[in-house]
Amino acid sequence: MSPEAPGIGRRYLNETRYRRDSLGEKASYPRVALYKEYPDAVRRIALQADPGLPGDLWDCLRRRRSQRQYQTRPLRLEELAALLWAAQGVSFSSRNYLLRTAPSAGALYPVETYVAVHQVEGLAPGIWHLEVPDFELALIREGDARRPLTDAGLFQSFLGTAGAVFIWTGILNRAMWKYRERAIRYLFLDAGHICQNLMLAATALGLGTCPVGAFFDGEVEELLGVDGREEVALYLASVGAL
Ligand SMILES: Cc1cc2nc3c(=O)[nH]c(=O)nc-3n(C[C@H](O)[C@H](O)[C@H](O)COP(=O)(O)O)c2cc1C
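Anyway, here's the lowdown on the structure attached to this text. If you're wondering where the values come from, they're calculated on a predicted model, not measured in any experiment.

Focus: the overall build of the protein
Argument step 1. For the protein, the helix and strand inventory stands at eight helices and nine strands.
Argument step 2. Computed over its C-alpha atoms, the radius of gyration of the protein comes to 18 Å, within 12% of the 18 Å expected for a compact globule of 242 residues.
Argument step 3. For the C-alpha atoms alone, the extent of the protein along its principal axes is close to 55 × 40 × 40 Å.
Argument step 4. Buried residues in the protein amount to 38% of all 242 residues.
Argument step 5. Counting only contacts in the protein whose residues sit at least 6 apart along the sequence, the fraction spanning at least 24 positions is 74%.

Encoded structure:
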């Protein structure tokens, strides 16, 4: 690609290419905590890890579709736990790493998972954060998020009729201290892996999901209470009963 490529996207790809003679620019960024925790959460709930549910991978690959129409029945807590485990469950622990169901560049896991709970049995409506090491959900903002989330998602109504909406953010310095500007590529690749895990698991459970990349970034970030500079909104996925 020519260095004069027009547009910020092409310029970004060009400037973050690895070449034999250069592994990129030398800017440096601080290292930040590997796990985000909300010690002052309104409430927390432990989830059941590794649900061990049946489901044929090939069948799920064939059947997965973006679904935007849901039944009104609430999601069950076990269903949400299974989806969270598929998305970001710890499947192997070693001394320094908690390896997850989805791969991550350098095992840095810069993607954080939040869930806007609209209708899930046993969970208050609001914004919950997945606390990965303990596989717990922490309630960080109580209240009905259907309207603000739908508005933030370019008024896509299924963001309000879903039982829950997964929201993924990226903590930039968690990956940038190592990969510098190229880390931004990896953030989105990580989020893609996570979302596909979620969609295949939802298919296995007979639930509908739809990935969502169209949203007003600032409004989603405000709903979560993240700053939009060091932690930015990346991707959403609705989940509902079919
Ligand atoms: C990165 C990305 C962003 C997307 N954003 C939206 C969205 O904002 N709204 C929506 O209804 N569908 C969205 N989709 C779903 C696509 O429209 C859908 O995947 C595509 O039409 C193919 O259909 P399928 O998923 O059923 O195979 C998105 C998909 C991806 C991968």
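Some points on the nonpolar core
Side chains of nonpolar character tend, in soluble globular proteins, to be buried together.
Argument step 1. In terms of nonpolar packing, the biggest core is built from 64 residues, with Leu-83, Ala-164, Phe-166, Ile-167 and Leu-198 touching the most fellow members.
Argument step 2. No other element matches the eleven residues that helix 7 (residues 183–204) contributes to this core.
Argument step 3. Residues within four places of Phe-166 in sequence aside, it is in contact with Ala-87, Thr-113, Val-115, Leu-198, Leu-236, Ala-237 and Val-239.

Examining the site of the ligand
Argument step 1. Around the ligand lies a shell formed by Arg-65, Ser-66, Arg-68, Gln-156, Cys-210, Pro-211, Val-212, Gly-213 and Ala-214.
Argument step 2. Class assignment of the residues belonging to the shell around the ligand gives a composition of four nonpolar, three polar and two charged.

A closer look at the packing of helix 3 (residues 77–88) against helix 7
Argument step 1. Contact geometry for helix 3 and helix 7: axes closest at 7 Å, N-to-C directions at 145 degrees. Note that helix 3 runs across helix 7; the crossing there is right-handed. Contact residues: helix 3 offers Ala-82, Leu-83, Ala-86, Ala-87 and Gln-88, while helix 7 offers Ile-194, Asn-197, Leu-198, Ala-201 and Ala-202.

Observations concerning helix 6 (residues 172–179)
Argument step 1. Those residues of helix 6 not exposed but buried are Arg-174, Ala-175, Met-176 and Tyr-179.
Argument step 2. In this structure, the buried side of helix 6 is in contact with strand 7 (164–171) and helix 7.
Argument step 3. Directly beyond the C-terminal end of helix 6, a positive phi value near 50 degrees is found at Arg-180.

Overview of the pairing of strand 5 (residues 126–131)
Argument step 1. The buried count for strand 5 comes to five of six residues, which makes it a mostly enclosed element.
Argument step 2. Inspection of the sheet shows strand 4 (residues 111–117) paired to strand 5 by four bridges, in the antiparallel sense. Following the sheet pairing, Val-117 is matched in strand 5 by Gly-126.
Argument step 3. Taken together, the six bridges between strand 5 and strand 6 (residues 136–142) define a ladder with antiparallel strand orientation. The residue bridging Ile-127 from the neighbouring strand is Arg-141, located in strand 6.
Argument step 4. The loop that links strand 5 with its antiparallel partner strand 6 comprises four residues; one of these, Phe-135, has a positive phi angle of about 45 degrees.

A look at the sheet that holds strand 5
Think of a sheet as strands paired side by side through backbone hydrogen bonds, with each pair either parallel or antiparallel.
Argument step 1. Taken in spatial order, the seven strands of this open sheet run 1-6-5-4-7-9-8, and their pairing is antiparallel. Of all the strands in the sheet, the pair left with one neighbour each is strand 1 (43–46) and strand 8 (207–212). Shown here is a sheet whose adjacent strand axes are inclined to one another by a mean of 25 degrees, direction ignored.
Argument step 2. Packing of helix 3 onto the sheet brings it into contact with strand 4, strand 5, strand 7, strand 8 and strand 9 (231–241), and relative to strand 4 it is tilted by some 165 degrees.
Argument step 3. Sitting on the sheet, helix 8 (residues 217–224) touches strand 4, strand 5, strand 7 and strand 9, and the angle it makes with strand 9 is about 80 degrees.

Quick notes on the environment of Gly-143
Argument step 1. Of note, Gly-143 is situated in the loop between strand 6 and helix 4 (146–152).
Argument step 2. Distance from Gly-143 to Tyr-38, taken between C-alpha atoms, is 17 Å for residues 105 residues apart in sequence.

Thoughts on the packing of helix 6 against helix 7
What describes two packed helices is the angle between their axes and the distance between those same axes.
Argument step 1. Close contact between helix 6 and helix 7 brings their axes to 9 Å; oriented N to C, the two are set at 130 degrees. The angle between helix 6 and helix 7 falls in the class oblique. Relative to helix 7, the crossing made by helix 6 is right-handed. Between helix 6 and helix 7, the contacting residues are Ala-175, Met-176 and Tyr-179 on the first element and Ala-183, Tyr-186 and Leu-187 on the second.
Argument step 2. Residue classes in the contact of helix 6 with helix 7 are distributed as six nonpolar, no polar and no charged.

Details of the environment of Gly-208
Argument step 1. Residue position: Gly-208 is located in strand 8.
Argument step 2. Gly-208 has contacts with Gln-67, Tyr-70, Ala-202, Gly-240 and Leu-242, leaving out every residue within four places of it along the chain.

How each quantity is defined
- Residues numbered from 1 in each chain as written.
- Predicted model: local features only at pLDDT ≥ 70, side-chain atom pairs only at ≥ 80, totals over all residues.
- Helix = DSSP H or I, 4+ residues; strand = E, 2+ residues; numbered from the N terminus.
- Rg over C-alpha atoms; globule rule 2.2 N^0.38 Å.
- Buried ≥ 20, exposed ≤ 12 C-beta atoms within 10 Å, placed from the backbone.
- Contact = placed C-beta atoms within 7 Å.
- Core = buried A, V, L, I, M, F, W, Y, C linked by C-beta atoms within 7 Å.
- Near = placed C-beta within 6 Å.
- Nonpolar A, V, L, I, M, F, W, Y, C, P; charged D, E, K, R; others polar.
- Axes fitted to C-alpha atoms, helices over the stretch in contact; angles between N-to-C directions.
- Left-handed = near helix turned anticlockwise from the far one by under 90°.
- Pairing = 2+ DSSP bridges.
- Parallel < 35°, antiparallel > 145°, perpendicular 65-115°, else oblique.

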